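# Fold and contact review
Below are the chains, spelled out letter by letter.
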Amino acid sequence: MSTPRMYRIEPDALNELIQSLRQQHYTVIGPTPRGAAIVLDEITSTSQLPIGKTDEQAPAQYRLKERGDDAMFAFSAGPHSWKRYLFPPVLKLFSSRKNGEGFQISEELPSSDHEEKYALLGVRACDLSAIQIQDKVFGGGTYQDPAYVRVRNQAFIIAVNCTRAGGTCFCSSVRTGPRARVGFDLAMSEVLDSEHYFIVEVGTDRGENVISTVTSRAAEDGEVEKAEHLIRAAAQSTGRSLEPDNTREILYQNSDHPRWDTVAARCLSCANCTMVCPTCFCATVEDTTDLAGTSADRIRKWDSCFTLDFSYIHGGSVRPSSKARYRHWITHKLASWVDQFGTIGCVGCGRCITWCPVGIDITEEFRVIRETYLMKRGTNPNKE
Amino acid sequence: MVPRPYIVKRIRKDTVDTFTLELGPKDGRSHFSFAPGQFNMIYIYGVGEVPISICGEPSNSTLVHTTRAVGSVTKAMSKLRRGDIVGIRGPFGTSWPVEQARTRDVVVVAGGIGLPPLRPALYHLLAHRDAYGKVVLLYGTRTPDDILFKEELENWRARFDLEVFVTVDRGTPGWRGNVGVVTTLITKAGFDPTNTIAMIVGPEVMMRFTALELMKRGVKAEAIYVSMERNMKCGIGLCGHCQFGPLFTCKDGPVFRYDQIKDLLVKWEI
């Protein structure tokens, strides 16, 4: 596409967009306040969006606040990520039934297309990158995850550019945001000053078809520029950063760094970071039977490298210490991920920092290791 | 991926804690084709699935697995009877370098339950015996009672074109063979270190010291291959469990060239 197609829509038209997608048999998933957090769930109207709400995030801290205005997307990444729809936390892989001497296995296939045809509304740039990373994990290798590929191919993505940096965000440093660049059908920027409107950028023909069903007009340059300015300001106000270059050398050369002891003394091995991470892809399987043993299911569930069982082989776990498990997680995320998938596995969403019960900060842990690396190479990190 | 049904044709107890399953496809169709060193995910109805190396002859129509009953799945597996059904997914993973080894001496070193994953490679070497130089099997177990495939080992020992050395960690009354770790056998074996391919399976520490001993004798790290073991749930590089540094043991391994992993082997809890 040579020049991006830009439209302006009013807040009411967003509702038309949701209805239009629903008419096309999409299940629209979007942010919605629940309890004390903004989570992702099915939405049927804009009234379910977190209107006038924002969040305050810091290590081990998440608080919802009222803004006293009509903003619909004035918050940052919440505890849920979109992977729960593309890579569900619990998925039945197959059922088998006892018959005579043996058993008959039947693969679990979706009962209707409708259930799995998602329109994801409000995907932030960091999460868009996370989806592209999981595309490589589940769909880019010799073996693919058919369930992921099936749901992913049908998904309609409406990105929302961030016009506000969250308390634990660091997308600009890892070059994933705050602006959505590729991989969306539509991308919106919310502008709320003297007037309230959305700039909608069309990413695909599919996106063009959908936006053509709602009330819109071509955006004026000034309107587009206002949105771009807000996005730039968000990038500049990001409080954290993680330098994404040379992560492999830095971590591979420091597998015996004393910092692993320091972080292990705080880490509870609770697995929260891996559950909220939008790229973490590990899963386990559970085989269960009914009481009579006449049928048996295999269920796939999200798993975490922070559990002892994760690496268990006869004789014990490969990583019995939480020190080794934390090192494994961050080394995988920032270093071995590059070997495996050609990119780091961190998109700077900050969820692992917010939802760590003791507030371990991946940017801080990596910074300490990186400084040692630079020092050993004779580079003063402060003068870099 | 869904397991395919295989019928238990025979189950044999090898030692006090190991057993061999002979399997054939339930639908009676195709020959199970695999390369020596590859593994299958074996599913026991309602219990679970485990990765087990393939242990039989590559050209044979029967699928053979020899394993130790240690966990819930392998224990359930050890209680199977003729006619029972198991699920098979596979074959997965990398294989032994039987092609690269052509014209060269081949040293096969097995520790304990490490012999079964090497057996298909030995079958291949013997089936194409003229293509290789000397072929040596060094095998160590804990006690004489733990020696697997005794009859076969005795037959192999009777051959002039295969050298077989066996040692045990602890002898028992009546044992007249070698006592000591498997690395002590390396000096007994005659092979040309500059023109040798080594294949090793055993506990990690055994594989590391065997590789070091071989290198001390002049075998290059690039000529040494080992087979790794990790927790596996999927077998196809998706579940994340088998990561060994940047490597997925299931699809980048289980057979690795030693120089590819030697730095990882010495890292704690990697």
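A quick note: this is a predicted structure, and the numbers were derived from the prediction, not measured.

This part covers the overall build of chain B. Secondary structure summary: chain B contains 5 helices and 15 strands in total. Along the first, second and third principal axes, the C-alpha atoms of chain B reach 50 × 45 × 35 Å. Partitioning the contacts of chain B with sequence separation of at least 6, the portion at a separation of at least 24 is 69%. Of the roughly 10,800 Å² of accessible surface on chain B, 51% is carried by carbon and sulfur atoms. In chain B, the 35 positive side-chain charges and the 27 negative ones have mean positions that sit 3 Å from each other.

As a further point, take the domain arrangement of chain B. Frequently, the measure chosen for interface size is the accessible area that the parts lose on association. Residue and element names in this part refer to chain B. Its domain assignment divides chain B into domain 1 (4-92) and domain 2 (105-227). On a C-alpha basis, the centroid separation for the pair domain 1 and domain 2 is 24 Å. The partner domain 2 presents 14 residues to the 19 residues of domain 1 that form the contact. For the domain 1 and domain 2 pair, buried surface summed over both sides reaches about 1,200 Å², with 63% attributable to carbon and sulfur atoms. Its largest share of buried area at the contact with domain 2, domain 1 owes to T15, C55 and R68, together 34% of the area lost on that side. The interface formed by domain 1 and domain 2 includes 1 salt bridge. In this structure, the salt-bridge partner of D17 is R142, at a minimum N-O distance of 3.8 Å.

Okay, the packing of helix α4 (residues 125-139) of chain A against helix α5 (residues 146-154) of chain A next. To characterise two packed helices, one gives the angle between the axes of the helices and the distance between these axes. All names here are of chain A. One way to put it is that α4 packs onto α5 with a least axis distance of 9 Å and a crossing angle of 140°. As summarised for this structure, α4 and α5 are arranged oblique, according to the angle between their axes. As for how α4 packs across α5, the hand of that crossing is left-handed. Residues I131, Q134, D135, F138 and G139 of α4 touch α5, and the partners they reach there are Y148, V149 and R152. Of the residues that constitute the contact of α4 with α5, the class distribution is 4 nonpolar, 2 polar and 2 charged.

Residue and element names in this part refer to chain A. When α5 is considered as a whole, its buried residues turn out to be A147, Y148, V151 and R152. Down the axis, α5 shows its buried residues gathered within 120° of arc, on one side only. Taking the backbone nitrogen of A147 as reference, a side-chain oxygen 3.1 Å away marks D145 as the first, capping residue of α5.

Here the focus is helix α2 (residues 115-127) of chain B. Residue and element names in this part refer to chain B. With 13 residues, α2 should reach 18 Å at 1.5 Å per residue; the first-to-last C-alpha distance of 18 Å fits that figure. Buried residues of α2: L115, P116, P117, L118, R119, P120, A121, L122, Y123, H124, L125 and L126, and no others. Looking at the buried positions of α2, the neighbouring elements they touch are β4 (48-53), β5 (63-68), β7 (105-111), β8 (135-141), α3 (150-157) and β11 (196-201).

Okay, the side chain of T141(B) next. Within the secondary structure, T141(B) sits in strand β8. Residues within four places of T141(B) in sequence aside, it is in contact with G112(B), D146(B), I147(B), T167(B), V168(B) and D169(B).

Contacts between the two partners involve 50 residues from chain A, matched on the other side by 34 residues from chain B. Roughly 3,600 Å² of surface becomes buried between chain A and chain B when both sides are summed, with 57% attributable to carbon and sulfur atoms. Taken together, the links from chain A to chain B amount to 1 salt bridge. In this structure, the salt-bridge partner of E49(B) is R298(A), at a minimum N-O distance of 2.9 Å. The interface formed by chain A and chain B holds 22 residue pairs in polar contact (both at pLDDT 80 or more) in total. Elements that contribute at least two residues to the side of chain A that touches chain B include exactly β6 (90-99), β7 (102-107), α4, β13 (283-289), β14 (295-302), β15 (312-313) and α11 (322-341) of chain A.

Residues and elements named next belong to chain B. The strand order across the open sheet built from 6 strands is β4-β3-β6-β1-β2-β5, with neighbouring strands paired in antiparallel fashion. At either margin of the open sheet sits one strand with a lone partner, and together these are β4 and β5. Sheet twist, expressed as the average angle between the axes of neighbouring strands with direction ignored, equals 40°. Two elements, strand β3 (residues 39-44) and strand β6 (residues 85-92), share 4 bridges in a ladder whose sense is antiparallel. Counted as the bridge partner of Y43 is G87 from β6.

Okay, the sheet that holds β11(B) next. All names here are of chain B. Read across the sheet, 7 strands follow the order β10-β9-β8-β7-β11-β12-β15 without closing on themselves; strand pairing throughout is mixed. Whereas interior strands pair on both sides, the edge strands pair on one side only; in this sheet they are β10 (178-179) and β15 (255-257). Sheet topology note: the β11/strand β12 (residues 224-227) ladder contains 3 bridges and is parallel. Considered in β12, the bridge of A198 is made with I224.

Judged by side-chain polarity, V205(B), F209(B) and L212(B) come together as a nonpolar surface patch covering roughly 260 Å² of accessible area. Along the chain, L212(B) falls in helix α4 (residues 204-216).

Attention now goes to the pairing of strand β10 (residues 186-192) of chain A. Residue and element names in this part refer to chain A. Where burial is concerned, most of β10 is hidden: 6 out of the 7 residues are buried. Across 3 bridges, the pairing between strand β9 (residues 156-160) and β10 is parallel. Note that in β10 the partner of I158 across the bridge is L186. Direction of pairing for β10 relative to strand β11 (residues 196-202): antiparallel, over a ladder of 7 bridges. Within β11, the residue paired with A187 across the bridge is E201. Linking two consecutive strands that pair antiparallel, namely β10 and β11, is a turn of 3 residues.

Moving on: the environment of S237(A). Residues and elements named next belong to chain A. Among the secondary structure elements, S237 is positioned in the loop between α7 (221-236) and α8 (247-252). Judged by relative accessible area, S237 falls into the partly exposed class, the value being 45%. A C-alpha to C-alpha distance of 33 Å links S237 and T215, two positions 22 residues apart in sequence. For S237, the side chain forms a polar contact with the main-chain oxygen of A234, separated by 3.1 Å.

Rules and cut-offs
Residues numbered from 1 in each chain as written. Chains lettered and ligands numbered in written order. Predicted model: local features only at pLDDT ≥ 70, side-chain atom pairs only at ≥ 80, totals over all residues. Heavy atoms only, no water. Helix = DSSP H or I, 4+ residues; strand = E, 2+ residues; numbered from the N terminus. Contact = heavy atoms within 4.5 Å. Areas by Shrake-Rupley, 256 points an atom, 1.4 Å probe, with all protein chains shown as cover. Lys, Arg positive; Asp, Glu negative; His and termini not counted. Charge placed at Lys NZ, Arg CZ, Asp CG, Glu CD. Domains from an automatic or database assignment. Buried area = accessible area lost by both parts, 1.4 Å probe. Salt bridge = Lys/Arg side-chain N within 4 Å of Asp/Glu carboxyl O. Axes fitted to C-alpha atoms, helices over the stretch in contact; angles between N-to-C directions. Parallel < 35°, antiparallel > 145°, perpendicular 65-115°, else oblique. Left-handed = near helix turned anticlockwise from the far one by under 90°. Nonpolar A, V, L, I, M, F, W, Y, C, P; charged D, E, K, R; others polar. Buried < 20%, exposed > 50% of the residue type's maximum accessible area, 1.4 Å probe, protein only. Arc of directions from axis to C-beta. Polar contact = N/O pair within 3.5 Å; in protein donor to acceptor, adjacent residues only side chain to side chain. Expected span 1.5 Å × (residues − 1). Pairing = 2+ DSSP bridges. Patch = residues over 30% accessible without salt bridge, like charges linked within 9 Å, V, L, I, M, F, W, Y side chains within 5 Å.

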